[in-house]
Amino acid sequence: MSDKPWRDVIAVDELEKDWVTRVEVGRRTIAVYDTPSGIYASLALCSHGGADLCDGYFDDHVIECPLHQGAFDVRDGRPIAAPATRAMRTLEVRVHDGQVQIRI
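Residues numbered from 1 in each chain as written. Predicted model: local features only at pLDDT ≥ 70, side-chain atom pairs only at ≥ 80, totals over all residues. Heavy atoms only, no water.

(A) The nonpolar core, seen in detail. By size, the foremost hydrophobic cluster in this structure holds 16 residues, and its most contacted members are Val20, Tyr33, Leu53, Ile63, Phe72, Val74 and Met88. Ignoring sequence-local partners within four residues, the contact set of methionine 88 consists of Tyr33, Ser42, Ser47, Leu53, Ile63, Phe72, Asp73, Val74 and Gly77. (Core = buried A, V, L, I, M, F, W, Y, C linked by side-chain atoms within 4.5 Å. Buried < 20%, exposed > 50% of the residue type's maximum accessible area, 1.4 Å probe, protein only. Contact = heavy atoms within 4.5 Å.)

Shown next as structure tokens:
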């Protein structure tokens, strides 16, 4: 468990349903994923080629990079399709008072 504070990033009702939503937090771009099992978040840059994952194809729990089509499981960041080999950085998420919150 992190000792970093929770930060509001977006209202739950502003999320794109069953899709990925781009959120700016300071100088960072965060990808927030609305999935069948809950809400997840990661840094938006692909760990393989640096492309913006928010522009990729998203289905169920998988985000596909728009640059080289590497894919990641948004629940834990693990790569599930080449050429991605390094996990993407996922963030701790919770929903509190109708807000998606992250620790970063």
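(B) Inspection of the sheet that holds strand E3 (residues 28-35) at higher detail. If you walk across this open sheet you meet the 6 strands as E1-E10-E9-E4-E3-E2, and the pairing is antiparallel. In this open sheet, the two strands that pair with only one neighbour each are strand E1 (7-11) and strand E2 (20-25). The average angle at which neighbouring strand axes cross in this sheet is 35°, direction not considered. (Pairing = 2+ DSSP bridges. Helix = DSSP H or I, 4+ residues; strand = E, 2+ residues; numbered from the N terminus. Axes fitted to C-alpha atoms, helices over the stretch in contact; angles between N-to-C directions.)

(C) Seen up close, the environment of proline 83. Within the secondary structure layout, proline 83 lies in the loop between strand E8 (79-81) and strand E9 (90-96). Since its relative accessible area comes to 32%, proline 83 is described here as partly exposed. Taking the C-alpha atoms as reference points, proline 83 and alanine 44, separated by 39 residues in sequence, lie 17 Å from one another. Once residues within four sequence positions are removed from consideration, proline 83 is found in contact with His48, His68 and Gly70.

(D) Focus on the sheet that holds strand E6 (residues 62-64). One open sheet holds the 4 strands; their spatial order is E5-E6-E7-E8, and the pairing between them is antiparallel. At either margin of the open sheet sits one strand with a lone partner, and together these are strand E5 (57-59) and E8. Averaged over neighbouring strand pairs, the angle between their axes works out to 25° when direction is ignored. As paired strands, strand E7 (residues 71-73) and E8 are joined by 2 bridges and run antiparallel to one another. Directly across from alanine 71, in E8, lies its bridge partner alanine 81.

(E) Quick peek at the pairing of E3. Of all 8 residues that make up E3, 6 are buried, and the element is covered over most of its length. Relative to E3, E2 runs antiparallel, the two being bridged by 6 bridges. Bridge pairing in E3 links valine 25 to arginine 28. The sheet contact formed by E3 and strand E4 (residues 38-43) spans 6 bridges and is antiparallel. Directly across from isoleucine 30, in E4, lies its bridge partner leucine 43.

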